[in-house]
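# Summary of structural features
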Amino acid sequence: MLELRLVQGSLLKKVLEAIKELVTDANFDCSGTGFSLQAMDSSHVALVALLLRSEGFEHYRCDRNLSMGMNLGNMAKMLRCAGNDDIITIKADDGSDTVTFMFESPNQDKIADFEMKLMDIDSEHLGIPDSEYQAIVRMPSSEFSSICKDLSSIGDTVIISVTKEGVKFSTAGDIGTANIVCRQNNTVDKPEQSTIIEMQEPVSLTFALRYMNSFTKASPLSDQVTISLSSELPVVVEYKIGEMGYIRFYLAPKIEEDEEMKA
Amino acid sequence: MLELRLVQGSLLKKVLEAIKELVTDANFDCSGTGFSLQAMDSSHVALVALLLRSEGFEHYRCDRNLSMGMNLGNMAKMLRCAGNDDIITIKADDGSDTVTFMFESPNQDKIADFEMKLMDIDSEHLGIPDSEYQAIVRMPSSEFSSICKDLSSIGDTVIISVTKEGVKFSTAGDIGTANIVCRQNNTVDKPEQSTIIEMQEPVSLTFALRYMNSFTKASPLSDQVTISLSSELPVVVEYKIGEMGYIRFYLAPKIEEDEEMKA
Amino acid sequence: MLELRLVQGSLLKKVLEAIKELVTDANFDCSGTGFSLQAMDSSHVALVALLLRSEGFEHYRCDRNLSMGMNLGNMAKMLRCAGNDDIITIKADDGSDTVTFMFESPNQDKIADFEMKLMDIDSEHLGIPDSEYQAIVRMPSSEFSSICKDLSSIGDTVIISVTKEGVKFSTAGDIGTANIVCRQNNTVDKPEQSTIIEMQEPVSLTFALRYMNSFTKASPLSDQVTISLSSELPVVVEYKIGEMGYIRFYLAPKIEEDEEMKA
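Since we're looking at a predicted model, the values are computed, not measured. (Residues numbered from 1 in each chain as written. Chains lettered and ligands numbered in written order. Predicted model: local features only at pLDDT ≥ 70, side-chain atom pairs only at ≥ 80, totals over all residues. Heavy atoms only, no water.)

### Some words on the sheet that holds strand E3 (residues 34-40) of chain B
Sheet strands pair by backbone hydrogen bonding; their relative direction is either parallel or antiparallel. All names here are of chain B. The sheet built from nine strands is open, its strands ordered E6-E2-E3-E4-E18-E17-E16-E10-E14 with antiparallel pairing. The sheet is open, and its two edges are formed by strand E6 (66-71) and strand E14 (196-199), each paired on a single side. Averaged over all pairs of adjacent strands, the angle between their axes in this sheet comes to 15°, without regard to strand direction. Pairing analysis gives three bridges linking strand E16 (residues 224-229) to strand E17 (residues 235-241), with the strands arranged antiparallel. Bridging from a neighbouring strand, Ser 228 pairs with Val 236 of E17. Helix H2 (residues 72-79) contacts strand E2 (25-30) and E6 of the sheet and is inclined by roughly 85° relative to E6. Here helix H3 (residues 141-152) sits on the sheet and contacts strand E10 (135-140), E16 and E17; the angle it forms with E10, its principal contact strand, is near 100°. (Pairing = 2+ DSSP bridges. Helix = DSSP H or I, 4+ residues; strand = E, 2+ residues; numbered from the N terminus. Axes fitted to C-alpha atoms, helices over the stretch in contact; angles between N-to-C directions. Contact = heavy atoms within 4.5 Å.)

See the structure below:
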């Protein structure tokens, strides 16, 4: 039997809005350590990894490891029916082919049960090794989101270049070119607005803006986003989920443009 | 001659927005007692009854009973041109085939006259007998509206079941099932947020969500909605219009699902 | 070399939003006196004239007169990437076939360069003589905008009639007719809400609402709009751009309806 009670139910609503565009169907894995998901996007280019640690739930009961296949569009439809202040409980009986989402309004006047059919989904869990990155940029998630959106009106790819001074986002398209530079800025009094760059060596990589724009749907989860870059590795775009976990998006750089950039 | 002056013109704007989706053309009946309308929706399934009592108007002159056929879409187009704080006056000369809506801005700097052609509409006025209902639920109109909208993302029909403890709204569809329970809650300090159930005997009836969602377009008119239910009668969904009247929607229950529910 | 630095960059963003619907491609002319544009709309019915005087820029360098052909849709796309508080600098090298828009965030943490290709556009500059007008109406731009929008839901043309008492906007269509009268109103304490009529003689002219609605896209630039009318001249609809310039729209009256009106 599974019963996970999340007082701040809006987090789960935001998680679904963040990933439902990228991933259609996925297995949610439940174990003693937490509630997690790992899935490729439908074109098998990007990878999403979600973790909600058990300590973050008000009540966390998971008698044995369980993998529940869900259609994320349907799950998002149901979670959209939860109020932003509602407490959400995820329930499943052992061996059942359904999962139940329970929404309780803060004053307990309104209680909703949404029962969803589970699916069988083939998936292999990839081991993602911890890596050293050449550069790690932490910046306001809203700024990263608006930069990706702005550049999309000009081109299809973004070149992210990191130096000690700042991070530059560039694109080019039929109507012209664009460069946006964000300077390192360790604003002490408003840490959520700071831009902090940890750099081992300068790096410059090219990515498809379409995926970056998808990743930024997670912005409501966190004031800050962390972008980890290395020449030989997929970029990691990470949004923390309060103290309880994260969503990480992985995307391989485009090789050709990368070469051009180094010139 | 007819001249009806409504200081709170926004009420008339909201009335039109509430019924124009359901009813295309209808006769507005004007008599000494008030301004009223009774009409079936275009598929002849639901009935709308509107009453604005003469006492609610700042000035009410109706020399003889008059029935004015109007296209509600066109009337809504004109009323949308009135400001929310405008005073609205409805004018018609005896025997004229037009009606005039006059909008005065609060400071009288802007005065607009919109003249609309009337139509001949065949209609029979149904006598609606006062009935005893097995259960009457009064609840926040915004909550009823969001419940109907939420359930529509899962299924096509709603089963409304009333017991002493509360009212349950249920649906089922391809992706799963949903149950939303609202408990009786007589919040004394905020009466507009209370949910009050007057029950003679438990009742459980099934309705098409499509119509329920149409009815909730009247929510801006009133903080509370009253839902009156009996096994053998159409449900009545009523929104008060200030002190001056009401909109009532009538809809017959679906028979088959009703039978299933009693099990 | 050209370098124009505009601290209140949002003005340029609003200018583009105001004219990009009406004009597809146009030459921006830069001289010692200012940055200007004159263009016909694509159906050659309406004329737009823009002036931003050099004194309005924080820094204004224009070594020699320059005419830069731009696609306004693409230019608007780039300017939409500037924040509302950003400082915008327009830069061009002599003989270059590109123009650069630089956006600096208020705290200088984010700097963007957008480079756009220029186009060759044939255009003849019309001399617009200063004229005497029979009537000049100054009124809140938001009110003029909502009147044009409201009348569009009834008819295709607007008859603007000015008398000493006020200005009347009229239309007629299949569903009926509409007249909106705005009275002269010299509100002393809130000049931006005043309606002021300077009249030599009464005038009544007919215009296509489609163009009037396009002109009102400039409303965010100014609280007030000035409408100058004469029987034999195109109407001038003018929006001031702070202290530094204006957008003026010119539109010839429709002749037939004008004749009818005089009856």
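Still more ground to cover, so stick around.
### Here we look at empty space enclosed by the protein
All names here are of chain A. Enumeration over the complete set of coordinates arrives at one cavity of 30 Å³ or more. The calculated volume of the largest cavity comes to roughly 30 Å³. In terms of lining, the largest cavity is formed by Cys 81, Asp 86, Phe 103, Glu 104, Ser 105, Lys 110 and Ala 112. Among the secondary structure elements, those contributing two or more residues to the lining of the largest cavity are strand E8 (98-104) and strand E9 (110-117). Along the lines of polarity and charge, the residues of the lining of the largest cavity split into three nonpolar, one polar and three charged. (1 Å grid on protein atoms, 1.4 Å probe; cavity = no way out; pocket = protein on both sides within 12 Å on 5 of 7 lines; lining within 4 Å. Points joined across faces, edges and corners; volume = space filled by probe spheres on them. Nonpolar A, V, L, I, M, F, W, Y, C, P; charged D, E, K, R; others polar.)

### Regarding the interface of chain A and chain C
With 18 residues of chain A at the contact, the number on the chain C side is 15 residues. Carbon and sulfur atoms supply 48% of the area buried between chain A and chain C, which totals about 1400 Å² over both sides. Looking only at chain A, the three residues that lose the most surface to chain C are Asp 150, Ile 175 and Arg 183 of chain A, adding up to 37% of its buried area. Counting every contact that joins chain A to chain C gives zero salt bridges. (Buried area = accessible area lost by both parts, 1.4 Å probe. Salt bridge = Lys/Arg side-chain N within 4 Å of Asp/Glu carboxyl O.)

So, to be careful, I would describe these as geometric facts and stop short of saying anything about function.
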